[in-house]
Amino acid sequence: MSHVVLDALLPPPLLAADGVSLGYATGRRGWLRPATRFLAVDRVSLTLSRGETLGIVGESGCGKSSLARLLVGLAAPEAGEVRFEGAAMPAPDSAAWRALRTRLQMVFQDTGGALDPRLTVRTQVREPLLIHRQPDPDARCAQVLDQVRLGPHLWDRFPRELSGGQVQRVVIARALAPRPDLLVLDEPVSALDVSIQAQIVNLLHDLQRDLGLSYVFVSHDLGVVRHVAHRVAVMYLGRILEIAPKAELFARPRHPYTQALLASVPVADPARRGARVAIPGDPPSPQHPPSGCRFHPRCPLAVPRCATEAPVLRALGATDVACHRAGEPGLPSLADVLSAPRAAVAPMPAREPA
Amino acid sequence: MPLIQVDTLDVTIRRRDGTPVQPVRGVSLCVDAGETLALVGESGCGKSLTCLAIAGLLPRRARAQGRVVMQDTDLLALPRRAARLRRRALIASVFQDATNALNPVRPIGWQVAEAIRLRRSVTRAEAGNEAVRLLGRVGLPEPERRAREYPHQFSGGMNQRAMIALAIAGRPHLLIADEATTALDVTIQAQILDLIADLQAELGMGMIFVTHDLGIVAQAADRAAVMYAGRIVETAPVTALFASPRHPYTRGLLQALPRVDHDGRPLSTIDGIVPPPDRMPPGCAFAPRCPRVGAGCDATIPVSQPLTEAPARSVACHRPVPLSEEV
């Protein structure tokens, strides 16, 4: 393969995950039954280049937040390896890991819980600079608060005196303070109202342009991801089902689950009413993942092979997709299969007179 | 005659220190049978309190004034007990957090049967059978077995189905869905939206759909009322609202929305924040953030008026967006 030679000449990606897995133990049920383990992240591989935003989308319980923790080294993978600039991620809490912390920062969804209610904005943003013994913390603190466009009149306030959008700016400023190369953002705008969400999305965009940051942007909101990401990975029950450049993913979703996700989102356009289709069923519990392809019990396009053999990611144009049937000539689209008339249901009996 | 007519509804809450605040001011709306009205706005705009006032579920420290008329009766004028019985027959609500709204120590089927027995004179066994049938109707698999299970054994989507079964048990004339699909994953949300639409068509219910999600408004509602800082600022049929929003706030919201169906331009934003209810500006509450603000906007509160060219629409703005300007 010729591109193997080419890869060796290029600088390594900023961040790479190679077959990483992360498991959790469930609580014991009765003292005779041992605790069981399940994989929240199951052999995931991806790369992130400098200045790039990788969106990770999926529904609750798909492992996207666990993957985020692996990527910043907050958790150690039980299989596989995360590499930062080509070097293996040091174990959590080691000296090497602490040194790397200035370059990898994480922003969590629960911004209220991320700040200390007893410290002023200025103190909280300065704290990581003191911990990492960076020069001139006061000047740097002022600089980042200015970069997130938080006016100086707010710098000596406490978190409770700020609005949700302002709190999120403080959290981002604190993450930026030690001059990281990579921000891993876990649902950074999910708790915000639309008008405030737009301010933060635009801010993240400007910061990336000005500072050359790389982002891993975890979200369940496909609209937001479409606006911030360069590439998008779709997760389901701990695995990546599809990873593609953004334009490709939204224009030609290859995996039936990606198609289902996109078709489920209510689009803010009344002209597209009825275009929405719902796939049946609940996502299975990650503790008892189905055999073969994890999506096969809900997939309208599943064939017997899907139940026995787990598909691996393979290239299809610019997309990598883990589906046995993707790219098959003449494969019907999900919408065609699902728009068949819904099963008739027994009508409700008439109202009794009041 | 509309199914429900709300006239100049105010909700006043007495704070712990005794000072009153008014998070809902002069809200008027109506819903016809079979129609879905979306009540849309950002957090704290008063959309949920409006619905709680209609459903008679306001917390003790809150008081509703105005008129809520259903079947020629003003529910706010009735004595407490009579109002409760009237509402029980007419209105049902579904809320965001179904798992916590259900009773954790009773089986799902028991809870649905209780809702039936509160409204109809049936035996325990009949109510139990009807509950199983309802749970099947809302799409719960194996309803006989599931009826004996508890909320903690259900997924969030299944609990929301159970809540919907509870709500339709009394065959209400008006269903209030307050962020009913907000906590659900998008594939489950699509299922629940389909279910609610089916049941609405079947029962001919009027619906008030409270949501912050403009996508749901576009997909599920016939008309929408946009709320800002306790007031309705714009009411319009959904198609017209999205094609040509007339209130600057509505337009700002639509332009700030990251769309799943296209991308490109940076999102426009609405600068500033919503004024807190105890520090409302004297004129239009949106004036301090409004890109179209002009003389007079900060002096008097704009009154909601039907548009001359479109009587089905109304807007409360001194300087509405001209029709020629589209989103």
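Here the structure is a predicted model, which means the values were calculated and not measured.

## Describing the domain arrangement of chain B
Residues and elements named next belong to chain B. Under the domain assignment used here, chain B contains domain 1 (4–221) and domain 2 (227–315). Using only C-alpha atoms to locate each centre, domain 1 and domain 2 end up separated by 27 Å. For the domain 1 and domain 2 pair, buried surface summed over both sides reaches about 1,600 Å², with 65% attributable to carbon and sulfur atoms. It is Arg-25, Glu-42 and Leu-214 that lose the most area in domain 1 upon contact with domain 2, and together they represent 40% of the buried surface on that side. At the junction of domain 1 with domain 2, the criterion picks out one salt bridge. A salt bridge links Arg-15 to Asp-278, with the shortest nitrogen-to-oxygen separation between them at 3.2 Å. Elements with a contribution of two residues or more to the side of domain 1 that touches domain 2: strand 2 (20–31), strand 3 (36–40), helix 1 (47–55) and helix 9 (214–220). Per-element accounting of the side of domain 1 that touches domain 2 gives the leading share, seven residues, to strand 2. Considering only residue class, the side of domain 1 that touches domain 2 consists of twelve nonpolar, four polar and four charged.

## Some words on the sheet that holds strand 5 (residues 73–74) of chain B
Residue and element names in this part refer to chain B. Here we have four strands laid out as an open sheet, ordered 2-1-4-5, and antiparallel in their pairing. The open sheet has two free edges, formed respectively by strand 2 and strand 5, since each of these has just one partner strand. In the sheet, strand 4 (residues 62–70) pairs with strand 5 via two bridges, with the strands oriented antiparallel. Its bridge partner lying in strand 5, Met-70 is registered against Thr-73. Sitting on the sheet, helix 1 is in contact with strand 1 (4–14), strand 2 and strand 4, with an inclination near 110 degrees to strand 1.

## Let's talk about the pairing of strand 6 (residues 104–107) of chain A
Residue and element names in this part refer to chain A. Because side chains alternate across strand 6, one face comprises the buried residues Leu-104 and Met-106, and the other comprises Gln-105 and Val-107, equally buried. Pairing analysis gives four bridges linking strand 6 to strand 7 (residues 182–186), with the strands arranged parallel. By the bridge assignment, Gln-105 is partnered in strand 7 with Leu-183.

Rules and cut-offs
Residues numbered from 1 in each chain as written. Chains lettered and ligands numbered in written order. Predicted model: local features only at pLDDT ≥ 70, side-chain atom pairs only at ≥ 80, totals over all residues. Heavy atoms only, no water. Domains from an automatic or database assignment. Buried area = accessible area lost by both parts, 1.4 Å probe. Salt bridge = Lys/Arg side-chain N within 4 Å of Asp/Glu carboxyl O. Helix = DSSP H or I, 4+ residues; strand = E, 2+ residues; numbered from the N terminus. Nonpolar A, V, L, I, M, F, W, Y, C, P; charged D, E, K, R; others polar. Pairing = 2+ DSSP bridges. Contact = heavy atoms within 4.5 Å. Axes fitted to C-alpha atoms, helices over the stretch in contact; angles between N-to-C directions. Buried < 20%, exposed > 50% of the residue type's maximum accessible area, 1.4 Å probe, protein only.

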